[in-house]
Amino acid sequence: RAETPGLIFRMITYTVDPYTFPWVKKWWNTMLVFYVFVFTIACIGGASLVLIQKMSPDTIHRMAWLMGEDSASFYLQNWLSKMVLGLLFPVITLFGVYVILQINYAVSGMITANALNAVPPTLDNLIAYLFMAIAYLILTIVFALRNIVIVLFAAGSLGIAALYLIPQLQDFVKSVFVYFIV
């Protein structure tokens, strides 16, 4: 009985390390190939559009329906900044997911430690203890789902980062990233 709070704490705060799974490593390698492909297409396509913008600004305005109304993405500085960001994405996604997981572990540990100390496990608090057990069960289910999302995001994070290089998908990638953080 004395170890029950410790067991509950370890069970709820367990954060999976997605990079220990072999299939995540395989997906990471597959996403790396996908990323290089998309990055190459974005680099060549963006450079082509920048050249068209420089040589014939009239033509680029007629092509705006194809790429969207944001013609600012065709300028050299914007294209160069995206390419530099694109070169940093593999490093950012790998270390970024690791840092987010460490912060996640610390925050869930603080929340769980406070919740465990809220109701001490004694016979006087039997009803409160029963409700806390139900709350821990719900937290465990939510955190198990969270671990599934963590593993799936870690496996496909580089592919999601590659989609950010496509101007039409930037809002989608931002919403996926915000969903992962939340």
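The structure we're discussing is the one just above.
Residues numbered from 1 in each chain as written. Predicted model: local features only at pLDDT ≥ 70, side-chain atom pairs only at ≥ 80, totals over all residues. Heavy atoms only, no water.

Student: Just to check I follow, could you spell out the packing of aromatic side chains for this structure?
Tutor: Any pair of aromatic rings gets described here by the distance separating the centres and the angle formed by the planes. Scanning the entire structure with this criterion turns up four aromatic pairs. Aromatic pair Tyr19 and Trp28: ring centres 6.4 Å apart, planes at 90°, arrangement edge-to-face. Neither residue differs from the other here; Tyr19 and Trp28 are each classed as buried. Measuring from ring centre to ring centre gives 3.9 Å for Phe153 and Phe180, while their planes differ by 10°; the resulting arrangement is stacked. Remark: Phe180 occurs in helix α7 (residues 170-181) and Phe153 occurs in helix α6 (residues 126-163); sequence separation between them is 27 residues. Judged on exposure class, the residue Phe153 and its partner Phe180 are both buried. (Phe/Tyr/Trp six-rings, centres within 6.5 Å; stacked < 30°, edge-to-face > 60°. Buried < 20%, exposed > 50% of the residue type's maximum accessible area, 1.4 Å probe, protein only. Helix = DSSP H or I, 4+ residues; strand = E, 2+ residues; numbered from the N terminus.)

Student: Help me out: how do you make sense of the nonpolar core in this one?
Tutor: Note on soluble globular proteins: their nonpolar side chains tend to be buried together. By size, the foremost hydrophobic cluster in this structure holds 29 residues, and its most contacted members are Tyr35, Phe89, Val97, Phe153 and Leu165. At the level of elements, α2 (22-55), α5 (76-118), α6 and α7 are the ones that each hand at least two residues to this core. Here this core takes nine residues from α6, the largest share from any one element. Those residues in contact with Val97, other than ones at most four positions away along the chain, are Tyr19, Ile92, Phe153, Ala154 and Ser157. (Core = buried A, V, L, I, M, F, W, Y, C linked by side-chain atoms within 4.5 Å. Contact = heavy atoms within 4.5 Å.)

Student: Which parts of the structure should I look at to understand the packing of α2 against α6?
Tutor: Helices that pack against each other are described as a pair by the angle of their axes relative to one another and the distance between those axes. Contact geometry of α2 with α6 gives a least axis separation of 8 Å together with a crossing angle of 5°. For the element pair α2 / α6, the angle class is roughly parallel. Contacts between α2 and α6 involve Trp23, Val24, Trp27, Trp28, Met31, Leu32, Phe34, Tyr35 and Val38 from the first element and Val151, Leu152, Ala154, Ala155, Gly156, Ser157, Leu158, Gly159, Ala161, Ala162 and Leu163 from the second. By residue class, the composition of the contact of α2 with α6 is 17 nonpolar, three polar and no charged. (Axes fitted to C-alpha atoms, helices over the stretch in contact; angles between N-to-C directions. Parallel < 35°, antiparallel > 145°, perpendicular 65-115°, else oblique. Nonpolar A, V, L, I, M, F, W, Y, C, P; charged D, E, K, R; others polar.)

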